[in-house]
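Listed here are the chains, written in short residue letters.
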Amino acid sequence: MAELTHFYQTFQPEHYNIYLDINRATKTISGQTKITGDAQATAINIHQKFLAVSAVQADGQAVPFKLDADNEAIHIDLAKAGKTTLTITYTAPLTDSMMGIYPSYYEVAGEKKQIIGTQFETTAARQAFPCVDEPEAKATFDLAIKFDEHAGETIISNMPEVKTEDGVHYFDTTVKMSTYLIAFAFGELQSKLTETKSGVKIGVFGTKAHKANELDFALDIAKRSIEFYEDFYQTPYPLPHSWQLALPDFSAGAMENWGLVTYREAYLLLDPDNTALDMKQRVATVIAHELAHQWFGDLVTMKWWDDLWLNESFANMMEYVAVDALEPDWHIWETFQTSEAAAALQRDATDGVQSVHVQVENPAEIDALFDGAIVYAKGARMLVMARALVGDEALRKGLKAYFKAHQYGNATGADLWAALGEASGMNVGAIMNSWLEQPGYPVVSASVVDGQLTISQQQFFIGDGQDQGRQWQIPLNSNYQAAPAILAETSATLGDYAQLRADNGQPFRLNVGNNSHFIVKYDQTLLDDILANLDNLTAIDQLQLLQDLRLLAEGRQISYASIVPLLTRFAGSHSTVVNDALYRVAGDLKKFVTPDSNEEKALQGLYDHLSAAQVARLGWTPQAGESNDDQLTRPYVLSAALYAKNSDAVAAAHKLFTANRDRLATLPADTRVFVLRNEVQNFSSVDLFNDLLAASKQTADASFKADIAAALTSTPDDKLIATLIEKFEDAETIKPQDLRAWFRGVLANHAGQQAAWDWIRNDWSWLEATVGGDMEFTTYITVIAGIFRTADRLAEFKAFFEPKLNTPGLTREIQMDIKVITSRVDLVEAEAAAVNDAVAQAIK
Ligand code: BES
Ligand code: ZN
């Protein structure tokens, strides 16, 4: 049989009747799926993975079929094409893979329990039931589920339950939707419910390991998000309910199943009385992200996975648009700058990076598409550019038309550009395609040449890059009228600089507000002018200045040493974004020093110098009524003071620890991690280690758990490091979903690096078997590349990963990460002496 990538071409489903009998005790699923659809030929393909199919019938008659594991298919031979009802009977294993139908484990009062849940995106619905598992193959679904049920259990799904008969739970027929959005879950759940103004039922569900009030924050945000989107999109939410469910084991962060969104616990449940503001903001943006998908992704779905960006970039922008509307005091767009913009600019500067839109045909490569910094962050920046170009009114008008035209169907990027183009009267697609289809981004150089102010664009690289003469249509957002709105050419001359400077009365700037995806390299004249007027810059513009200089230094276009003297000028800022940018540069200086050297001492001196006044101003304890900026800035400066080994800071943290030894979880969540880490680093003992490890196992508070992980992994003690690494493969202590953070912690710890590196190389096959199916699997490699900085480690990295270059899904990551480490090693070699001199000078 000829191989077909898109099974939808041979069989177009209209309706599914899915019956599942799930047995937790025997870890088996038995099922029967009836699919009514239109066969385009007599030889058709249906997706399946790991299913043991015992019978296939077409319109009640047994038909020949063949299972094909390589293509995740059942090949079926029909007697005739046309309208057909297939009945497929099968069994399948229930496995701990966090994919398909899977158990999540937790404890309540020492008793082990589990919840069954699902994760189908991108291609795991086929592990639960046979289907045409492609986003374009939309159909309606009737779900009937039986399980080894006991009293006190609840089952939920995309649609409400309509009846229970003989222990079988029947759910209402869904609207027309894609297979990857089907979901259900059952177990001993608690919930909180409310309703939107328009009558949509909103619910938050979690295990009973949590206090009931941990559901409240999410309930409020979910309700208001649905209300916001119904208004913003001018399109009603089409289902009777919107359930949010926290699962104790979850491979991704959250998943937008239509009507039943699933989350890792850390991203849904929180203690309203002790959660750091940035964590609340994170939870709110995650909920807003998934609920943005209920329309953009669920109601209208990308036609094929190459347009995955259409789903994810859009939801990534909307999470900020929505949260900014719900909680204006948070200034959430500042977080967009410190997280999305920073991530996109970093990753997109490495040659070999993917473009936002990526051709993909082979289903095995689909999961490799999820480069968060590109598909999410860069894509969201691109849409922020589009939003700035057309304005909110045209955006909303365009979206309403887009939803109307494609609802319960599929769309491509071109359809979105067409709708926005129609609404705005602009050729949005022409501008956006240069960002969508090309990898990388430009550096715009601004200089005064022979008295003329000139600008030019060229692709920016960190590390070796092959200039292919790429050009972008760049929204310049200059503060000088003389600059064009869009730079589409290689260069432009704006006029006589002296005259322009006099007319404008302020330094020349580009990308004001930092909403376009490019960086600026000002010549010395222009940069000096900006620096002389620093106080006139907004916080975001200051962040941008530091960020662009840092990137230019990483790209070897300016010297790193030249940035060091500037740092003190930002140290007094009360703005979180400025402090974020400042301490990011400061953090980058760590790669130039070796542990326990004089250079490290000097750098610690610089950290002390930068942070001392702010530590004195803010103190260790959050104050009632303080500003958001103060709350969010405190962690940066305390962390700096501890890196500096400032003796007052070390003593203050120790005192807080001692005073709260019996109730560490109640330490203020904003600063708790520093108190714990300080203790582990400076007052290490086996008892402390064991107590913290036990607390981490026992707590249901994800923030506290993460703080303990950060503390324990920073231990200087070899033996304790060895003990920790033994726990890496013990799911009872460290859940596979959390392992990457523990691994990163130990690898980043000088005392633990060798052991962590040995572990991952020795046990790579265990890791592959445990989390290899996870869409974030490659980020284990990214984590390593983010830390290594010596020629020896680079050689070891290559020796280990180069032989894996042909592993499906790993190729690009390995190639890029070799570049990332190589460029860091070269940078350190070339500039360490000058940087360390500059640090020594700065603290004189
Ligand atoms: N649809 C994704 C989750 C997903 C993507 C699951 C690909 C499986 C394969 C979801 O909407 C998402 O983007 N989740 C993010 C969190 C989000 C708030 C940025 C995630 O899981 O990282
Ligand atoms: Zn998403």
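What counts and what doesn't
Residue positions within a chain follow its written sequence, with the count starting from 1. Here the convention is simple: chains get letters from A, ligands get numbers from 1, in the order in which they are written. Predicted model: local features are reported for residues with pLDDT of at least 70 only, side-chain atom pairs are reported and counted for 80 or more only, and whole-chain, interface and lining totals are derived from all residues. Neither water nor hydrogens contribute to the side-chain values; these are computed over all heavy atoms in the structure. For the purposes of this entry, the term helix denotes a DSSP run of H or I that reaches at least four residues, the term strand denotes a run of E that reaches at least two, and both are numbered from the N terminus. The size measure is the radius of gyration over C-alpha atoms, and the globule rule it meets is 2.2 Å times the number of residues to the 0.38 power. Buried means the residue's accessible area, taken with a 1.4 Å probe over protein chains only, is under 20% of the maximum for its type, while exposed means over 50%, and partly exposed covers the values in between. Method for areas: the Shrake-Rupley scheme with a 1.4 Å probe, in which residue coverage is limited to the protein chains shown. Charged-residue counts in this description rest on Lys and Arg as positive and Asp and Glu as negative, His and the chain ends being excluded. Charge positions come from single atoms, namely NZ of Lys, CZ of Arg, CG of Asp or CD of Glu. Any residue with a heavy atom lying within 4 Å of a molecule or strand is counted as near it. As used in this structure description, the phrase polar contact means that two N or O atoms lie within 3.5 Å; if the pair is within protein, one of them must be able to donate a hydrogen and the other to accept it, and residues adjacent in sequence are counted only when both atoms belong to side chains. In this count, Pro and Cys sit with the nonpolar residues alongside Ala, Val, Leu, Ile, Met, Phe, Trp and Tyr, while Asp, Glu, Lys and Arg are called charged and the others, Gly among them, polar. Where each domain starts and ends follows an automatic or database-derived domain assignment. Only heavy atoms matter for contacts: two residues are in contact if any of them lie within 4.5 Å across the pair. By buried area we mean how much accessible surface two parts lose on assembly, using a 1.4 Å probe and totalling the loss over both. Salt-bridge detection follows one rule: a side-chain nitrogen of Lys or Arg within 4 Å of a carboxyl oxygen of Asp or Glu. Counted as donors are the N, O and S atoms within 2.8 Å of the metal, or 3.2 Å for Na, K and Ca, while water is not among the atoms, so some sites may look incomplete. Here, strands pair whenever DSSP counts at least two bridges between them. Residues belong to one nonpolar core when they are buried, are Ala, Val, Leu, Ile, Met, Phe, Trp, Tyr or Cys, and are joined through side-chain atoms within 4.5 Å. UniProt positions are given in the numbering used here, feature names are shortened, and annotations may be inferred rather than shown by experiment. Each residue after the first adds 1.5 Å to the expected span of a helix. Note on method: axes are straight lines fitted to C-alpha atoms, helices fitted across the in-contact stretch only, with angles between N-to-C directions ranging 0 to 180 degrees. When the centres of two rings from Phe, Tyr and Trp lie within 6.5 Å, Trp using its six-membered ring, the rings pair. Their planes under 30 degrees apart give stacked, over 60 give edge-to-face, and anything left gives tilted. Counting as a charge over the ring demands two things of the Lys NZ or Arg CZ atom: a distance within 6 Å of the ring centre and an angle within 35 degrees of the ring normal. Each angle gets one of four labels, with under 35 degrees taken as roughly parallel, over 145 as roughly antiparallel, 65 to 115 as roughly perpendicular, and the rest as oblique.

## Some words on the overall build of the protein chain
Along the protein chain, the regular secondary structure elements total 24 helices and 28 strands. The C-alpha atoms of the protein chain give 28 Å as radius of gyration, which agrees with the globular expectation for 844 residues (28 Å, within 12%). With the C-alpha coordinates of the protein chain rotated into their principal frame, the extents come out at 85 × 65 × 55 Å. With 844 residues in all, the protein chain has 58% of them scored as buried. Summed over its atoms, the accessible surface of the protein chain is roughly 31,600 Å², and 49% of this surface lies on carbon and sulfur atoms. Charge centroids of the protein chain, computed over 68 positive and 111 negative side chains, lie 2 Å from each other.

## Description of the site of ligand 1
Among the 16 residues in the neighbourhood of ligand 1, the closest are listed as Glu121, Gly253, Glu256, Phe370 and Tyr376. His289 places a polar side-chain atom, nitrogen or oxygen, 2.9 Å from an oxygen atom of ligand 1. Contributions of two or more residues to the shell around ligand 1 are made by strand 19 (254-255) and helix 2 (277-293). For the shell around ligand 1, the leading source of residues is helix 2, giving four residues. Taken together, the residues of the shell around ligand 1 sort by class into seven nonpolar, four polar and five charged. Formed jointly, the shell around ligand 1 draws a minimum of three residues from each of two domains, domain 2 (193-277) and domain 3 (307-436).

## Re the domain arrangement of the protein chain
In terms of domain boundaries, the protein chain breaks down into domain 1 (1-187), domain 2 (193-277), domain 3 (307-436), domain 4 (444-540) and domain 5 (646-712). For domain 3 versus domain 4, the distance between C-alpha centres works out to 25 Å. Opposite the 19 residues of domain 3 that make contact, domain 4 presents 20 residues. Between domain 3 and domain 4 the total buried area reaches about 1,800 Å² when both faces are included, carbon and sulfur atoms providing 58% of it. Our enumeration of links across domain 3 and domain 4 arrives at zero salt bridges.

## Quick word on the coordination of the zinc ion (ligand 2)
Protein-derived ligands of the zinc ion (ligand 2) are His289 (NE2), His293 (NE2) and Glu312 (OE), with the metal-ligand distances lying across 1.9 to 2.1 Å. The sequence pattern describing where the donors of the zinc ion (ligand 2) fall on their chain is H-x3-H-x18-E. With a gap of four residues between them, His289 and His293 both fall in helix 2, about one helical turn apart. There is no split in this pair, since His289 and His293 are both buried.

## Some thoughts on the pairing of strand 13 (residues 161-165)
It is a general feature of regular strands that their side chains alternate between the two faces of the sheet. Both strand 13 and strand 14 (residues 168-171) contribute to a ladder of four bridges, which runs antiparallel. Looking across to strand 14, one finds that Thr164 is bridged to His169. Connecting strand 13 to the next strand, strand 14, in antiparallel fashion are two residues, including Asp166 with a positive phi near 50 degrees.

## Some points on the nonpolar core
Phe129 and Tyr233 are the most contacted members of the largest nonpolar core, which totals 291 residues. When residues of this core are assigned to their parent elements, the largest contribution, 15 residues, is made by helix 5 (residues 372-406). The contact partners of Phe129, leaving out residues within four places of it in the chain, are Tyr16, Ile18, Thr33, Leu51, Tyr90, Phe120, Phe141, Thr179 and Ile182.

## With respect to the UniProt feature "domain: ERAP1-like C-terminal" (unreviewed entry) in the protein chain
According to UniProt, the "domain: ERAP1-like C-terminal" (unreviewed entry) feature falls on residues 510-821. Note that residues 510-821 is 61% helix and 1% strand, and that its end C-alpha atoms are spaced 31 Å apart.

## Remarks on helix 6 (residues 413-424)
The end-to-end C-alpha distance of helix 6 is 16 Å, a good match for the 16 Å that twelve residues give at a rise of 1.5 Å each. Among the residues making up helix 6, those that are buried are Gly413, Leu416, Trp417, Ala419, Leu420, Gly421 and Ala423. If you follow the buried residues of helix 6, they end up packed against helix 3 (308-326), helix 5 and helix 7 (428-436).

## A word on the pattern of salt bridges
Evaluated as defined, the whole model comprises 40 salt bridges. Here Asp691 makes a salt bridge to Arg661, at a shortest N to O gap of 3.2 Å. Of this pair, Asp691 sits in helix 16 (residues 686-698) while Arg661 sits in the loop between helix 14 (647-659) and helix 15 (672-682), and the two are 30 residues apart along the sequence. Classification of Asp691 by relative accessible area gives partly exposed; the value is 40%. When its relative accessible area of 32% is taken as the criterion, Arg661 is described as partly exposed. Here Asp707 makes a salt bridge to Arg672, at a shortest N to O gap of 2.8 Å. Linking Asp707 in helix 17 (residues 702-712) with Arg672 in helix 15, this pair joins segments that are 35 residues apart in sequence. Relative accessible area serves as the criterion here: at 11%, Asp707 is assigned to the buried category. Linked by salt bridges that have partners in common, Lys49, Glu72, Arg126 and Asp133 make up one network.

## Structural notes on the sheet that holds strand 7 (residues 73-77)
With antiparallel pairing, the three strands of this open sheet are ordered in space as 3-7-6. The sheet terminates laterally at strand 3 (43-47) and strand 6 (65-68), the two strands that pair on one side only. Put simply, the sheet's adjacent strands are angled 20 degrees from each other on average, direction ignored. Inspection of the sheet shows strand 3 paired to strand 7 by five bridges, in the antiparallel sense. From the neighbouring strand, Asn45 faces strand 7, where its bridge partner is His75.

## With respect to the side chain of His169
Turning to its location among the elements, His169 is positioned in strand 14. The class for His169 is buried, based on a relative accessible area of 7%. Beyond its immediate sequence surroundings of up to four residues, His169 is in contact with Leu143, Ala144, Ile145, Phe147, Glu149, Ile155, Glu161, Lys163 and Thr164.

## Quick word on the pairing of strand 6
Both strand 6 and strand 7 contribute to a ladder of four bridges, which runs antiparallel. In the strand pairing of strand 7, Leu67 is matched with Ile74. As consecutive antiparallel partners, strand 6 and strand 7 are separated by four residues, and within that stretch Glu72 has a phi angle of approximately 50 degrees, a positive value.

## Focus: the sheet that holds strand 27 (residues 491-496)
The strand order 27-24-23-28 describes an open sheet built from four strands, whose pairing is mixed. The open sheet terminates on both sides in strands that have one partner only, identified here as strand 27 and strand 28 (519-522). Ignoring which end each strand starts from, the neighbouring axes of this sheet average 20 degrees apart. Here strand 23 (residues 442-449) pairs with strand 28 via four bridges, running parallel.

## Considering the packing of aromatic side chains
One pass over the full model with this rule turns up 44 aromatic pairs. Aromatic ring contacts, followed pair by pair, group Phe728, Phe743, Trp757, Trp759, Trp764, Trp766, Phe777, Tyr780, Phe788, Phe797, Phe800 and Phe801 into a single cluster. Looking at Arg282, its charged tip hangs above the ring of Tyr267, at a distance of 5.0 Å from the centre. One Lys or Arg, Lys590, reaches over the ring of Tyr643 and ends 4.3 Å from the middle of that ring.

## Here we look at the side chain of Ser714
Residue position: Ser714 is located in the loop between helix 17 and helix 18 (718-727). According to the relative accessible area criterion, Ser714 is buried, its value standing at 12%. A polar contact of 2.7 Å, which involves the side chain of Ser714, links it to the backbone oxygen of Ala711. Not counting the four nearest positions on each side in its chain, Ser714 is found in contact with Arg677, Val680, Gln681 and Asn749.

## Some details on the environment of Trp757
When you line up the elements, Trp757 lands in helix 20 (residues 753-762). On the basis of relative accessibility, which here comes to 0%, the residue Trp757 falls in the buried class. Between the alpha carbons of Trp757 and Thr122 there is a distance of 31 Å; along the sequence they are 635 residues apart. Once you skip the residues sitting within four places of it in the chain, Trp757 turns out to touch Leu747, Ile784, Phe788, Arg793, Glu796, Phe797, Phe800 and Phe801.

## Quick notes on the packing of helix 1 (residues 216-232) against helix 3
Following both chains from N to C, one finds helix 1 and helix 3 inclined at 105 degrees, their axes separated by 10 Å at the closest point. Considering their axes alone, helix 1 and helix 3 lie roughly perpendicular with respect to each other. Between helix 1 and helix 3, the residues in contact are Ile221, Arg224, Ser225, Phe228, Tyr229 and Phe232 and Met318, Glu319, Val321, Ala322, Ala325 and Leu326, respectively. The class makeup of the residues in the contact of helix 1 with helix 3 is nine nonpolar, one polar and two charged.

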